[in-house]
Amino acid sequence: MDLSVTIGRTTMPNPVGVASGTFGYGSEYEQLIDVDSIGALYTKAVTRAARPGNEIPRIVETTAGLLNSIGLANVGQERFVTEKYPSLRERACTVIVNVAGDVEDDYVETVEFLEEHAPLSGYELNVSCPNVKAGGLAIGTNPELVEHVTTRVRSVTERPVIVKLTPNVTDPAEIARAAEAGGADAISCMNTLVGMAIDVKNLRTVLPGKTGGLSGPAVRPIGVALAYRVSRAVEIPLIGIGGIDGPDAALQYLLAGAVAVQVGTANFVDPTVTGRTIDGIRTFMQEHNLQRVGEIASLLR
Amino acid sequence: MYAYNPLLLRIGVPGLLLYTRARQLRHVAKDPSNITFFTHTRAAITLLAERLMRHLTPKVLSNSQVSDRYFEMDFEWPHNAPPPSPGSFFTVRVSESEIPLLRRPFAFSGFSRGNSTASMLYERRGTATRQLTTRSPGETIDILAPLGVPFPLPRSETLPVLIAGGIGMGPIFYLAAELHSSGQEAVLIVGARTAGIVPDRTEFQLVETILATDDGSAGCHGTVTDALQNRPDLLDRRLEYFACGPLPMLRAVHQHAKARNECCWVSVEQTMGCAVGACMGCAVRVRGPAEYARVCTEGPVFDSEEIVWT
């Protein structure tokens, strides 16, 4: 049975990854699970300069969901190389660096910098963070900007380039086609949904930045629908994200047309979720006599 | 010294020396450049504390209401798990369902090495804690523990003043018990809105205890710092503060300590996502270039001088 998934020139050992921002740089979970058994580790976003992150509080739980406004808090590309890269380089799993920036040049320069100082398996372009004033959504909601940044990043690396889409647009498939036209190897779909929670007693929003990004089981049906729609709009593979908390949710995405998935918020709830999900997919493939994980999508009636 | 402090056993002599050295330095010269040194020391201690974390499913031994608002749950401590320390905490997966979704953090309110029993004091406040009150002896709970950097050892020349406010009582009671069992003199100040929420604790017999209530229903009518001001005999001595409670209380204790140029340790609270240092959700404002520190792994206990009090 073959669980591997190939994106560009990189082959992930299995289709279950951990989503950027929910797993740090891997070492944070070392005491709890075998990190190397994960299919792909998508790092916390890396930016050119260090970012302290947004005002506090940064997270609030909503019904079956998590609303966050972290603000891409990270140590910046230089300290990423000295502090995070040494352990990431030793990983047996695929390691994809999530890259974010304010403007197009930031993405290109960070990828160039990492190509030279910290080459790993590939890059995920975060053009969909809802919690920063510049970059993020401002790029990810505009097909021309997405195509342009993808083209420029494509020109500086041979490694897989994955573009992470936002659901906060009328037609994410249009953005996906723009990424494909720019030369992306894959789409990851989706980043968090813009949401707001208001403290009725104190008459103010819970998050100081007013809105945050919603994740967790609450958003899963939206993610599955997008995986279904967007995977049919492009030729390149789609990696499904959104409320995946076990085999059932992951299989929904794989049946919808995703070739792989990322587990996010569920890592906080149950650190063993990735292992359970991989096992569940394997069992499902046995039950359906499938040899390759890519055959799952063909089962959907 | 604590009679038994597993963190100190595990961080080894270099870690302990670094920590002690950092504290001495800061008190020798209170200049801002020490913050850089502090930041590095905190990072080292954090790395060591993170190594203790385990995913455990201990059995509940008892779970009962101990005051108007508070409950206490005792659970078995697995023999192979690193024991907690006062100030360290754990997260509980309250429900198998999606509501409530996230694990909830709780401080240890006691630990018995002999009985392999750990305790948590918690307040029935919302959906998650209401569900916790229904757990019966014999059931298991799913926890990540022990987490965070605990309270340090009191400096030998100071009198430790342990200050608890509201549900912050849990870790302070634990600290009081540990200090008592190691023969260390300490004073416990417990602040609460009203007398009814304060549980009856054996620690009150072991350590000199001062009660302060907002409504005057028991002890001193006022705050914990009011209660302290009423004790000139204590104020004559060199004090060191160990506090856990609501932010305004921690701020007041910090200001009190700062005015006297004394050391103050605060255990702070923040909504947590992962609780293992990955998500950057549970931030607190600190001095220094990083601007924020993670409460889960760099705290929850901080030197009050490190915190940016707003």
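Residues numbered from 1 in each chain as written. Chains lettered and ligands numbered in written order. Predicted model: local features only at pLDDT ≥ 70, side-chain atom pairs only at ≥ 80, totals over all residues. Heavy atoms only, no water.

J.: Break down the domain arrangement of chain B for me, citing the residues and quoting the values.
T.: Residue and element names in this part refer to chain B. Domain annotation of chain B identifies domain 1 (54-147) and domain 2 (150-303). If you average the C-alpha positions of domain 1 and of domain 2, the two centres end up 21 Å apart. On the domain 1 side of the interface with domain 2, the three residues burying the most area are Y70, P86 and L121, jointly 29% of the side's total. Run the count over domain 1 and domain 2 and you get one salt bridge. R201 serves as the salt-bridge partner of E72, at 2.9 Å between the closest nitrogen and oxygen. (Domains from an automatic or database assignment. Buried area = accessible area lost by both parts, 1.4 Å probe. Salt bridge = Lys/Arg side-chain N within 4 Å of Asp/Glu carboxyl O.)

J.: Requested: an account of the layout of surface pockets, with residues and values cited.
T.: Computed from the structure, the second largest pocket encloses a volume of approximately 1200 Å³. If you go around the second largest pocket, you meet 39 residues; those closest to its centre are V75, R79, E83 and K84 of chain A together with R294 of chain B. For the lining of the second largest pocket, the elements supplying multiple residues, two or more each, are α1 (76-89) of chain A together with α2 (33-50) and β16 (292-294) of chain B. When residues in the lining of the second largest pocket are grouped by element, the largest group, eight residues, is from α2 of chain B. A class-by-class count of the residues in the lining of the second largest pocket yields 15 nonpolar, ten polar and 14 charged. (1 Å grid on protein atoms, 1.4 Å probe; cavity = no way out; pocket = protein on both sides within 12 Å on 5 of 7 lines; lining within 4 Å. Points joined across faces, edges and corners; volume = space filled by probe spheres on them. Helix = DSSP H or I, 4+ residues; strand = E, 2+ residues; numbered from the N terminus. Nonpolar A, V, L, I, M, F, W, Y, C, P; charged D, E, K, R; others polar.)

J.: An account of the packing of aromatic side chains is needed here, citing residue identities and associated values.
T.: Across all of its chains, the model carries twelve aromatic pairs over all chains by this definition. Measuring from ring centre to ring centre gives 5.8 Å for W77 of chain B and F111 of chain B, while their planes differ by 85°; the resulting arrangement is edge-to-face. A residue pair is termed long-range when its members are at least 10 positions apart, and W77 of chain B in the loop between β3 (70-76) and β4 (89-93) and F111 of chain B in strand β6 (residues 110-112) qualify at 34 residues. Each member of the pair, W77 of chain B together with F111 of chain B, is buried. Geometrically, the ring pair formed by F106 of chain B and Y122 of chain B is edge-to-face, given 6.1 Å between the ring centres and 70° between the ring planes. Residue F106 of chain B is located in strand β5 (residues 104-107), and its partner Y122 of chain B is located in strand β7 (residues 117-123); the two are separated by 16 residues in the primary sequence. Just as F106 of chain B is buried, Y122 of chain B falls in that class too. What links up through ring pairs into an aromatic cluster is the set F71, F75, W77, F90, F106, F108, F111 and Y122 of chain B. Over the aromatic face of Y292 of chain B sits the side chain of R58 of chain A, whose NZ or CZ is 4.4 Å from the ring centroid. (Phe/Tyr/Trp six-rings, centres within 6.5 Å; stacked < 30°, edge-to-face > 60°. Buried < 20%, exposed > 50% of the residue type's maximum accessible area, 1.4 Å probe, protein only. Lys NZ or Arg CZ within 6 Å of the ring centre and 35° of its normal.)

J.: Go over the pairing of strand β6 (residues 65-68) of chain A with me, naming the residues and quoting the values.
T.: Residue and element names in this part refer to chain A. Alternating positions in β6 separate into two faces, G65 and L67 on one and L66 and N68 on the other, with burial throughout. Direction of pairing for strand β5 (residues 59-62) relative to β6: antiparallel, over a ladder of four bridges. Residue pairing across strands places T62 opposite G65, the latter belonging to β6. Hairpin connection of β5 to β6: two residues between the antiparallel strands, including A64 at a positive phi of 55°. Across three bridges, the pairing between β6 and strand β14 (residues 211-215) is antiparallel. Considered in β14, the bridge of N68 is made with G213. (Pairing = 2+ DSSP bridges.)

J.: Could you give me a rundown of the environment of E30 of chain A, with the residues and numbers involved?
T.: Residue and element names in this part refer to chain A. Tracing the sequence through the fold places E30 in the loop between β3 (16-18) and β4 (40-42). You can call E30 partly exposed: its relative accessible area is 36%. For the pair E30 and V169, spaced 139 residues apart in sequence, the C-alpha to C-alpha distance is 37 Å. Discounting residues that sit within four places of it in the chain, E30 has contacts with V35 and R91. Polar contacts involving the side chain of E30 include one to the side chain of R91, which spans 2.7 Å. (Contact = heavy atoms within 4.5 Å. Polar contact = N/O pair within 3.5 Å; in protein donor to acceptor, adjacent residues only side chain to side chain.)

J.: Can you explain the pairing of strand β10 (residues 187-192) of chain B? Please cite residues and give values.
T.: Residues and elements named next belong to chain B. The buried fraction of β10 is high, at six of six residues. Residues V187, I189 and G191 point to one face of β10 and L188, V190 and A192 to the other, with burial holding for every one of them. Judged from the five bridges that link them, strand β9 (residues 159-165) and β10 form a sheet pairing that is parallel. Within β10, the residue paired with A164 across the bridge is V190. Read as a crossover between parallel neighbours, the route from β9 over helix α4 (residues 169-181) to β10 is right-handed. Two strands pair when backbone bridges link them, and β10 and strand β11 (residues 208-213) are joined in this way by six bridges, in the parallel orientation. (Right-handed = clockwise from strand over helix to strand, strands pointing away.)

J.: I'd like a description of the packing of helix α6 (residues 220-231) of chain A against helix α7 (residues 247-256) of chain A, backed by residues and values.
T.: The axes of two packed helices give the description: the angle between them and the distance between them. All names here are of chain A. At a closest axis distance of 8 Å, the pairing of α6 and α7 adopts a crossing angle of 20°. Taken together, the axis directions place α6 and α7 in an arrangement best described as roughly parallel. Seen from above, α6 lies across α7 with right-handed handedness. Residues R220, G223, V224, A227, Y228 and S231 of α6 form the contact with α7, whose participating residues are A249, Q252, Y253 and A256. In terms of residue class, the contact of α6 with α7 is built from six nonpolar, three polar and one charged. (Axes fitted to C-alpha atoms, helices over the stretch in contact; angles between N-to-C directions. Parallel < 35°, antiparallel > 145°, perpendicular 65-115°, else oblique. Left-handed = near helix turned anticlockwise from the far one by under 90°.)

J.: Any chance you could break down the pattern of salt bridges for me, citing the residues and the numbers?
T.: Where side chains of opposite charge bring their charged atoms close, a pairing between them can arise. Residues and elements named next belong to chain A. Taken as a whole and assessed by the stated rule, the structure comprises 32 salt bridges over all chains. In this structure, the salt-bridge partner of D105 is R152, at a minimum N-O distance of 2.7 Å. Within this pair, whereas D105 is found in helix α2 (residues 104-117), its partner R152 is found in helix α4 (residues 143-154), the two being separated by 47 residues in sequence. On the basis of relative accessibility, which here comes to 29%, the residue R152 falls in the partly exposed class.

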